[in-house]
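Report on the structure
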Amino acid sequence: MSEQNKTRRRSYNNNSSDNTSNNNDNNSNNNYNNNRGGNNFRGGRGRGRGRGTYNNRNDNYNNNRQGGNNYNRKQEGREGEEQSTRPTHFFAVRINAPTILSDIMKWQKNLLEHHNSKQQGLTKNLQQGLKQNISSLSASSITSSSYSNNNNENKVFKLEDYQIENSRMHLTLFVLNCGEKEELELTKQVFQECGVEISNMIKQQLKDQPIYFSLQGVHTFRDSTRSLGRVVYTEPIFPNEITSVIFKEMSKIIHLKLKEKGIKVDKKVNDQLHCTLLKTSQVRGKDALRNLPEYVYEYEKLTWFGKQDEMKLEMLETKAFSTNVVLDDSSEIVKEVLLCRMKPPFEQDGFYFIEDRISLN
């Protein structure tokens, strides 16, 4: 290669290196500027990262605010839909029999005394544990374990807050939603029409004998996930099978007629008829019980609410039907069915507000 060509080659290589160096410097500056502004990247190193991320956060914040408004609107829509399907009323048979109500009050009082004795022992044990300053069990661990919702056997709480008032004792047939004025009026109209059909059915099937029952036993509805008691109730005992069938058929007639008219009723009538004695939903808030201690729903489980004379016991055992039944205040005679509103205001005597009723006489 000639000397002239070698000189040209060295000059070309030097120029190319200078250009590459300049391009790298320019790219580096561009990247630095971009990183500072955060336009093309989520941030770089040092100050560039901080400022770039801040700008992106502003964009995300603004986007989130816009998206958040849409989310809130959707959420409000869902809440409105839930509000429109949430039960507002229920059909019920009220418990009025003096002996039954007196026996319920006695059971609740005895249970409360039993509970308070346990609470006193629990409080005493907690105080002794704190004073002794047990090394293996600190005060904080005692408190946390005692107030755990999963260990309500050792939790301090007021049981009376969870008891149902005597003035509100009833059997629920089923729940429904008729919050709108037009729906409520239609429900009342259909309800009255059902009254005629139900009265005729009772006269034909029961030979003019009334539907009546007593309450027996202490039972619980359990939480579906933890299988722990959340509702304590007693259930009706009818004198014979036909009376029980007629009572449930009465509920089905009302349920079917309302469903045909487009009223939002529960999926089905209440198969497990019950009178609630205590329930966790009576109390709201973060400290409320999610389930009841076992000693609450195991307390005196074989209790009868209402006096059971020999004739009634014999009828329960044989499932026979008799027209010579002498009824007194130890049995609940079903004289009417009530349409009640769930929310207050309540009646002056404390019972749920009664929107309408049908007589079964």
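Predicted model, so just to flag it, every value in this text is computed and none were measured. Position numbers for residues start from 1 in each chain and track the written sequence from start to end. Two thresholds apply to this predicted model, a pLDDT of at least 70 for residue-level local features and 80 or more for giving and counting side-chain atom pairs, whereas whole-chain, interface and lining totals are computed over all residues. Derived side-chain values reflect all non-hydrogen atoms in the structure, with water molecules and hydrogen atoms excluded from consideration.

**Examining the pairing of strand β2 (residues 170-177)**
Worth spelling out the cut-off: Buried means the residue's accessible area, taken with a 1.4 Å probe over protein chains only, is under 20% of the maximum for its type, while exposed means over 50%, and partly exposed covers the values in between. Every helix listed is a DSSP run of H or I at least four residues long, and every strand listed is a run of E at least two residues long, numbered separately from the N terminus. DSSP calls a pair of strands paired once it identifies at least 2 bridges connecting them.
Along β2, 7 of the 8 residues are buried, which leaves the element largely enclosed by surrounding structure. Both strand β1 (residues 89-94) and β2 contribute to a ladder of 6 bridges, which runs antiparallel. The residue of β2 that forms the bridge with histidine 89 is leucine 176. Two strands pair when backbone bridges link them, and β2 and strand β5 (residues 264-265) are joined in this way by 2 bridges, in the antiparallel orientation. Bridge pairing links leucine 176 to valine 265 in β5.

**Observations concerning the layout of surface pockets**
For clarity, the threshold we go by: Computed over the protein atoms alone on a 1 Å grid, cavities are sets of points where a 1.4 Å probe fits but cannot get out and pockets are open sets with protein on both sides within 12 Å along at least five of seven lines; a residue lines them when it has an atom within 4 Å of a point. Grid points are joined across faces, edges and corners, and a volume is the space filled by probe spheres set on the points. Charged means Asp, Glu, Lys or Arg here, nonpolar means Ala, Val, Leu, Ile, Met, Phe, Trp, Tyr, Cys or Pro, and polar covers whatever is left, Gly included.
Its boundaries defined by the atoms lining it, the largest pocket holds a volume of some 1200 Å³. Around the largest pocket sit 38 residues that line it, and Pro87, Phe90, Val175, Lys279 and Met342 are the ones nearest its centre. For the lining of the largest pocket, the element with the highest residue contribution is β2, accounting for 6 residues. Counted by class, the lining of the largest pocket contains 12 nonpolar, 13 polar and 13 charged residues.

**Here's the deal with the side chain of glutamate 235**
Definition in use: Residues counted as positive are Lys and Arg, residues counted as negative are Asp and Glu, and His and the chain ends are not counted. Definition used for salt bridges: Asp or Glu carboxyl oxygen within 4 Å of a side-chain nitrogen of Lys or Arg. Whenever two N or O atoms come within 3.5 Å, that pair is a polar contact, provided that in protein one can donate a hydrogen and the other can accept it, and provided that, for residues adjacent in sequence, both atoms are side-chain atoms.
By the secondary structure assignment, glutamate 235 is in strand β4 (residues 229-237). Here glutamate 235 sits buried without a salt bridge, and the closest side chain of opposite charge, lysine 248, lies 8.6 Å off (N-O distance). Only 3.0 Å separates the side chain of glutamate 235 from the side chain of glutamine 272, close enough to count as a polar contact.

**Overview of the confidence of the model for the protein**
Using the following cut-off: What pLDDT conveys is the predictor's confidence in a given residue, as a value from 0 to 100. Working rule for contacts: check all heavy atoms of both residues, and any pair within 4.5 Å makes them a contact.
Summary statistics for the protein give a mean pLDDT of 76 and a share of 61% for residues scoring 70 or more. Low pLDDT, under 50, characterises residues 11-17; the stretch is placed with 0 contacts to residues that sit more than four places away or in other chains. Predicted confidence for residues 318-324 stays below pLDDT 50, and this span has 12 contacts to residues more than four positions away or in other chains.

**Quick notes on the packing of aromatic side chains**
Given two aromatic rings, one states the distance between the centres and the angle between the planes to describe the pair. Keep this limit in mind: Between 30 and 60 degrees the pair is tilted, below 30 it is stacked and above 60 it is edge-to-face, where a pair is any two Phe, Tyr or Trp rings, Trp via its six-membered ring, whose centres lie within 6.5 Å.
Tallying each qualifying case throughout the model produces 12 aromatic pairs. Here phenylalanine 91 and phenylalanine 191 contribute two aromatic rings whose centre-to-centre distance is 4.9 Å and whose plane-to-plane angle is 55 degrees, an arrangement assigned as tilted. One end of the pair, phenylalanine 91, is in strand β1; the other, phenylalanine 191, is in helix α5 (residues 181-206), and 100 residues separate them in sequence. Per residue, the accessibility class of phenylalanine 91 equals that of phenylalanine 191, and both read buried. Site record: aromatic cluster; members linked through ring pairs are Phe90, Phe346, Phe351 and Tyr352.

**Considering the nonpolar core**
Put simply, the rule is: Residue types Ala, Val, Leu, Ile, Met, Phe, Trp, Tyr and Cys, when buried and joined through side-chain atoms within 4.5 Å, form a set referred to as a nonpolar core.
Ranked by size, the top nonpolar core spans 59 residues in total, and within it Ile198 and Phe247 carry the most contacts. For phenylalanine 247, the contacting residues outside a window of four places in its chain are Val93, Leu171, Leu173, Ile211, Phe238, Leu273 and Val334. The next biggest cluster of nonpolar side chains, apart from the first, holds 7 residues, and it includes Ala92, Leu338, Tyr352 and Ile354.

**So, the environment of alanine 97**
Assignment of secondary structure puts alanine 97 in the loop between β1 and α3 (98-132). The exposure class of alanine 97 is buried, given its relative accessible area of 5%. On a C-alpha basis, the gap between alanine 97 and isoleucine 333 in space is 7.8 Å, while along the polypeptide they are 236 residues apart.

**A few points about the side chain of serine 251**
Among the secondary structure elements, serine 251 is positioned in helix α6 (residues 241-260). Setting aside chain neighbours within four positions, we find serine 251 in contact with Leu173, Phe174 and Val269.

**What to know about α5**
Worth spelling out the cut-off: Multiplying 1.5 Å by the helix residue count minus one yields the expected span of that helix.
Between its first and last C-alpha, α5 extends 36 Å over 26 residues, near the 38 Å set by a 1.5 Å rise per residue. Directly after α5, the chain includes lysine 207, whose backbone phi takes a positive value near 55 degrees.

**Let's talk about unusual backbone geometry**
Residue proline 345 is bonded to the preceding proline 344 through a cis peptide linkage, with omega at 10 degrees. Within the secondary structure, proline 345 sits in the loop between β9 (336-341) and β10 (354-359). Phi is positive for glutamate 300, which is not a glycine, with a value near 45 degrees. Its location among the elements puts glutamate 300 in the loop between α7 (294-297) and β7 (304-305). The exposure class assigned to glutamate 300 is partly exposed, which follows from its relative accessible area of 37%.

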